[in-house]
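# Report on the structure
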Amino acid sequence: MRKDVRILLVGEPKVGKTSLIMSLVSEEFPTVVPYRAEEITIPADVTPERVPTHIVDYSEAEQTDEQLFQEISKANVICIVYSVNNKTSIEKVTSHWLPLINDNTDKDSRVPLILVGNKSDLVEHSSMETILPIMNRHSEIETCVECSAKNLKNISELFYYAQKAVLHPTGPLYCPEKKNMKLLCVKALTRIFKVSDLDNDGILNDNELNFFQRTSFNIPLESQALEDVKNVVRKNLSEGVRDNGLTLKGFLFLHTLFIQRGRHETTWTVLRRFGYDDDLELNQDYLFPPLKLPPDCTTELNHNAYLFLQSVFDKHDKDRDCALSPEEMKDLFDVFPYMPWGPDVHNTVCTNDQGWITYQGYLSQWTLTTYLDVQRCLEYMGYLGYSIVAEQESQAAGVTVTRDKKIDLQKKQTQRSVFRCNVFGDVGSGKSGFLQAFLGRNLMRQNTINKEQRSYYAISTTYVYGQEKYLLLHEVFPDFDYLSDDDLACDIVCLVYDASNPYSFEYCAKVFKQYFMDSKIPCMMIAAKSDLPEIKQIYGCTPLDFCRKHKMPPPQSFTCNSAAVPSKDIYTKLTTMAMYPHARLRCMCTCNRCTFCLCQNFLNSELLQTVRAKLYAVVLRRHVSKADLKSSTFWLRTSVGATVFAVLGFAMYRVLLKQR
């Protein structure tokens, strides 16, 4: 809504411009009228629209043409005053004032005009027969009001219409010549209809109409009022009502009717509630609400935002196959001014066998957008009507700003659910294959990908100790000398080398030493293309010795050249390391040879499980008398036995780990 309204009164001398202003202020006809009234400001609390209003007078005797041109450029609405008993003043409207105003205003944003016929008390006839042809020829004229400053007739109405012409202009909504709504208005109302159509069946049923009414006007409609609205539409447009619900054509007809009957404020209230400005474009404040993002913090969608996005997916997944076909995707993004997702999205998230984005892939893409570009996420959710449907103040209510990563490291725990892994490696090392394997694509399927639609990101879910987390993989371009801050900012580093290429490991070693050796970011070495014969790397030490020297997990063998879907174990390990970067001694392999694996195998062995089960049966499942339970000797023996068992187990664990 506009902050204030500026009204300028112009016209020939002696038509009563100053008298109109003074009669409004004093509520009586002035006996002495100056050449020009000083600018007055009417406070917001005494105006019908609750907007401060400035009224400016013009006097040819006291002001120059230059001053007039400046006032015209500053005015929000201009009232051209004529005297109903003076034909010359009426003729001057078309011969002088309309050309003058049009020459000094922007053609693309015409100032609304109001024709004011003053001194109606001096004649018995109306001037409307003369004025109507003028109004028909000039679409910028909003209305015509006949009034009398002497009798105070229609004085308040005059300034109300002037204020209304600014706050609820007809021009952007309706074309009088064609007698229909303008294209931008139709486009805006169509989006509003689709946002309000919660089940996407093309009809606003009673519940959806009530939701729309409550959202727009904060007042629900009574059952009889709903029926009356539908009956009006049904009577005038046969296609306006279907299955006792309002169709898009009926919805547009209803607003056309409001405008034709002079109820522009109804349509404008709806438009502004759904985020539109005076030019029928979505307001920047609506699309980009303020969101404070401190350094070293990330952005994620919260539970309410995911529920909203799930509902959007469900209402557009008409065949219920948990994937969006091209037609369903187009329908979902029909409320956008452009297609937000390019063809590369199909190589960024999970898809089905037909290449359609799955439910998981859909949520993953939203998670990716929120993490990488939260402002774009806010914009997209604004197009979908998040704040309206979810009844939130803005889209910012659906975004969580995580705490500083330094605090996570200090507390050795994190509440984040999205973790970023930057993937480094030389050309041809297998980075792209590593990203695509995360999306469940083996080498055969990767070979069908169009190189022009290649993506440098891949995101999907993994499970760490039963918790669902998102892992975001980012392939960094292999330019050792020009790594940006964005290339280095991540939760975990993945260094990929080709196990079959003797020169591949050197790049990974250089990147680690140059950028990550002294950082607190955990790193993992990946020996890609492990299905090929392994060749000794031409470097000062083997990859395994390099990892041991720098206290990294041993290199992880990886291949996507398999008939089945590639395993996700390696990605779970990456996510675990990202979640717990302080846990440096965690073993990340399944070699069954290292100390940790041997210890784990022993603890999970059948022998130990049998011994534990027998102890459990002897101590807890034997028939114990009530006297034994009350005996302190019994409980002392039990406590001592449990303590000895725990101490021995811990000592054995420490001895085995000491070798590391």
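Below is a short write-up of the structure. In this text, all values refer to a predicted model and were calculated from it rather than measured experimentally.

What counts and what doesn't
Residues numbered from 1 in each chain as written. Predicted model: local features only at pLDDT ≥ 70, side-chain atom pairs only at ≥ 80, totals over all residues. Heavy atoms only, no water. Core = buried A, V, L, I, M, F, W, Y, C linked by side-chain atoms within 4.5 Å. Buried < 20%, exposed > 50% of the residue type's maximum accessible area, 1.4 Å probe, protein only. Salt bridge = Lys/Arg side-chain N within 4 Å of Asp/Glu carboxyl O. Helix = DSSP H or I, 4+ residues; strand = E, 2+ residues; numbered from the N terminus. Pairing = 2+ DSSP bridges.

## Section: the nonpolar core
Grouped together as the largest cluster of nonpolar side chains are 65 residues, with contacts concentrated most on I192, L271, W341, Y362, W366 and L384. One finds V423, F434, F558 and Y571 within the second-largest nonpolar core, a separate group that totals 27 residues.

## A look at the pattern of salt bridges
Counted by the stated rule, this structure contains 19 salt bridges. The salt bridge partner of R214 is E391, with a shortest N-O separation of 3.6 Å. With R214 in helix 7 (residues 206–217) and E391 in the loop between helix 16 (386–389) and strand 15 (399–401), this pair connects stretches of sequence that are 177 residues apart. Of the residues examined, E391 reaches a relative accessible area of 55% and is grouped as exposed. With its nearest N and O atoms 2.6 Å apart, the salt bridge here joins R454 to E475. Remark: E475 occurs in strand 18 (residues 467–475) and R454 occurs in the loop between helix 19 (443–446) and strand 17 (457–464); sequence separation between them is 21 residues. Its relative accessible area of 6% is what places E475 among the buried residues. One network of salt bridges, in which partners are shared, links R403, K405, D408, R416 and D491.

## A look at the sheet that holds strand 11 (residues 245–247)
The strand order across the open sheet formed by 3 strands is 9-11-10, and the pairing between neighbours is antiparallel. Strand pairing shows two members of the sheet lacking a second neighbour, strand 9 (203–204) and strand 10 (241–242), which therefore form its edges. Direction of pairing for strand 9 relative to strand 11: antiparallel, over a ladder of 2 bridges. When the sheet's bridge partners are listed, I203 is paired in strand 11 with T247.

What is shown is where atoms sit, not what they do.
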